[in-house]
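# Coordinates in review
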Amino acid sequence: MKKFSLIFQELIYDFVHWAIQPLKPLLKPNSRMEKIIIPLEKLAKEVAYNCQMCGQCILHSTGMVCSMNCPKNLRNGPCGGVRLNGHCEVKPEMKCIWVRAYEGASLMPKYGAELLRVQPPVKRNLQDSSAWVNMLHGLDESSKVEWLSAEEQEKLEDLWSK
Amino acid sequence: MVEKKMSQLEQVLRSGRFAITSELNPPDSANAEDVNRAAMILAGFCDGINAVDASGANCHMSSMAICALLTRIGYEPVYQISCRDRNRIAIQGDILGAAAMGVQNLLCITGDDVSSGDQPGAKPVFDFDSIQLLRTARMMRDERVFLSGRKITSEIPLFLGAAANPFVPPYDWRAQRLAKKIVAGAQFIQTQYCFDIPRFKEYMRQVRDLGLDKQVYIMVGVGPLRSYGAANFMRTKVPGIVIPDEIMDRLKKTPKERQQEEGKQICVEILEQVQEIEGVSGVHIMAYRQEELVAEIVQEAGLLPRR
Ligand code: SF4
């Protein structure tokens, strides 16, 4: 059942990704259109994922769990403080975001392996902007330095199925 | 110009000898003497002394300052940087500063949350996570640039380390996550306290299956439990430390005045067992407030002479 839901979410992700491409000329960073789309994006992702609006969404790479809900804001996996019952070091009543992310990714045929992506530091200046707009214009991934070579990244993701 | 030479820890690990690191109990004073004294106890048996970065989120002398003091007296520090208290600007600056003082071993960790420390009202920073910190340090060393792409004008000889905790969930992901750390730049690993040997063996099996033991030096965290009470505190109050029931029972059954001795004995036994596990390159001995025991542990585990 959970697996079915996650495959469905992968499809939705692909669909949204595809459907917003033609809107690129309209959806410019800091434009009036972005202001209009932000509440819509927020509504959709908040209900489903408790989205924190970091503006650089990696949901599909983290088992469809919003990693910004991790109290330490970790983007690359769990800290060493996870409790034996799988709950969070900081918020004992909450299941560790990364325990959930691992469970989710394990059930995702298409994007599961992306859990092994080495995620770059968060651009805090994109907080509360639209991840959709940022994605369209490459603001979420642009960087002056090469974070990780495609080759290194690929080798790492190959380990997923091992 | 910084001298370009491998750190002693790196040399020992590369040579295939069993490496030992330990941790210095950071003082709550402004006395350099306190650091010197604590270091002296450890220096004879260790290839590197960890200067901890406000571990447990408790305020002590900073790890940067301890490193400075240790390099002055010629001891080799392992500079711990946690992501909890400083943002990326401060951290990159500190890496340069530390290297300028002759610090070469860097241990990049996430850090315990402020809620577990003596000042839970503090602002947690967590601008980087440990993997981003590692990758940034590697970038500074190998590509000689800051994260912004701006050039760094000298070499930074660094030996990069990370922590790992195989003893908490999600167990089956822990080995793959180690692979992530290696790709990000980790050359050596110090693990959390190992009290659960079967779990650790299983982890090492996964690590070997992924071929990771060939790509990184793994040092196992061990340490003497001071008493049943102390063990109970660590188990319930310190994040990430797992102590199996059998060990708790063993301490509980021991009369109070002999518990410290028993704790040391358990530590020696664990050290002997982990030495035998394929892929283990050394140990990291954490003997908080009982540093004098490190020498005895090293000796009783048959690891002497050191040089
Ligand atoms: S236990 Fe999990 S959710 Fe909590 S701080 Fe650590 S990684 Fe984040």
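Residues numbered from 1 in each chain as written. Chains lettered and ligands numbered in written order. Predicted model: local features only at pLDDT ≥ 70, side-chain atom pairs only at ≥ 80, totals over all residues. Heavy atoms only, no water.

### Considerations on unusual backbone geometry
All names here are of chain B. Note that the residue after Pro169, namely Pro170, is joined by a cis bond; omega there is -10°. With respect to the helices and strands, Pro170 occurs in the loop between β5 (159-164) and α6 (171-184). Even without being glycine, Ala54 reaches a positive phi, approximately 45°. Considering the arrangement of structural elements, one finds Ala54 in the loop between β2 (48-51) and α3 (63-72). Residue Ala54 is classed as buried on the basis of its relative accessible area of 15%. (Helix = DSSP H or I, 4+ residues; strand = E, 2+ residues; numbered from the N terminus. Buried < 20%, exposed > 50% of the residue type's maximum accessible area, 1.4 Å probe, protein only.)

### Some remarks on the side chain of Gln119 of chain A
Mapped onto the elements, Gln119 of chain A comes out in the loop between α3 (97-106) and α4 (131-136). Classification of Gln119 of chain A as buried rests on a relative accessible area of 8%. Contact partners of Gln119 of chain A, with chain neighbours within four places excluded, come to Ile58, Ser61, Arg75, Asn76 and Trp147 of chain A together with Gln132 of chain B. (Contact = heavy atoms within 4.5 Å.)

### Brief notes about the site of the ligand
As a matter of local geometry, the ligand sits amid 13 residues, with Cys70, Cys79, Cys88, Glu89 and Cys96 of chain A nearest to it. Its residues assigned to classes, the shell around the ligand comprises eleven nonpolar, no polar and two charged. (Near = heavy atom within 4 Å. Nonpolar A, V, L, I, M, F, W, Y, C, P; charged D, E, K, R; others polar.)

### A few points about the packing of aromatic side chains
Within this structure, the stated rule accounts for nine aromatic pairs over all chains. With a centroid separation of 5.4 Å and an interplanar angle of 85°, the aromatic rings of Tyr13 of chain A and Tyr111 of chain A are classed as edge-to-face. Of this pair, Tyr13 of chain A sits in helix α1 (residues 2-19) while Tyr111 of chain A is found in the loop between α3 and α4, placing the two residues 98 residues apart along the sequence. With relative accessibility at 25%, the residue Tyr13 of chain A sits in the partly exposed group. Ring pairs connect the aromatic residues Trp98, Tyr102 and Trp160 of chain A together with Trp173 of chain B, which therefore count as one cluster. (Phe/Tyr/Trp six-rings, centres within 6.5 Å; stacked < 30°, edge-to-face > 60°.)

### Points about the interface of chain B and chain A
If you look at the interface, chain B gives 40 residues, while chain A gives 39 residues. Summed over both partners, the interface of chain B with chain A comes to about 3,200 Å²; 62% of that surface belongs to carbon and sulfur atoms. The largest contributions to the chain B side of the interface with chain A come from Trp173, Gln176 and Lys180 of chain B, which together make up 19% of the buried area. Taken together, the links from chain B to chain A amount to two salt bridges. Two residues, Glu152 of chain A and Arg138 of chain B, come together in a salt bridge whose shortest N-O distance is 3.2 Å. Linking chain B with chain A are 21 residue pairs in polar contact (both at pLDDT 80 or more). Going through the elements one at a time, α5 (130-142) and α6 of chain B are the ones with two or more residues in the side of chain B that touches chain A. It is α6 of chain B that provides the largest number of residues to the side of chain B that touches chain A, a total of nine residues. (Buried area = accessible area lost by both parts, 1.4 Å probe. Salt bridge = Lys/Arg side-chain N within 4 Å of Asp/Glu carboxyl O. Polar contact = N/O pair within 3.5 Å; in protein donor to acceptor, adjacent residues only side chain to side chain.)

### Re the environment of Gln259 of chain B
All names here are of chain B. As for its placement among the helices and strands, Gln259 is situated in helix α10 (residues 259-275). By relative accessible area, Gln259 is classed as buried at 5%. In sequence terms Gln259 and Pro77 are 182 residues apart; their C-alpha atoms lie 31 Å from each other. Leaving out residues up to four positions away in the same chain, Gln259 has contacts with Leu225, Arg226, Ser227, Tyr228, Leu251, Lys252 and Thr254. At a separation of 3.2 Å, a polar atom in the side chain of Gln259 contacts the main-chain carbonyl oxygen of Leu251.

### Some thoughts on the sheet that holds strand β7 (residues 217-222) of chain B
All names here are of chain B. The strand order β1-β2-β3-β4-β5-β6-β7-β8 describes a closed barrel built from eight strands, whose pairing is parallel. Taken pair by pair, the neighbouring strands of this sheet meet at an average axis angle of 30°, ignoring direction. As defined by bridge partners, strand β3 (residues 77-82) adjoins strand β4 (residues 105-109) across five bridges and the pair is classed as parallel. Within β4, the position partnered with Val78 by the bridge is Asn105. (Pairing = 2+ DSSP bridges. Axes fitted to C-alpha atoms, helices over the stretch in contact; angles between N-to-C directions.)

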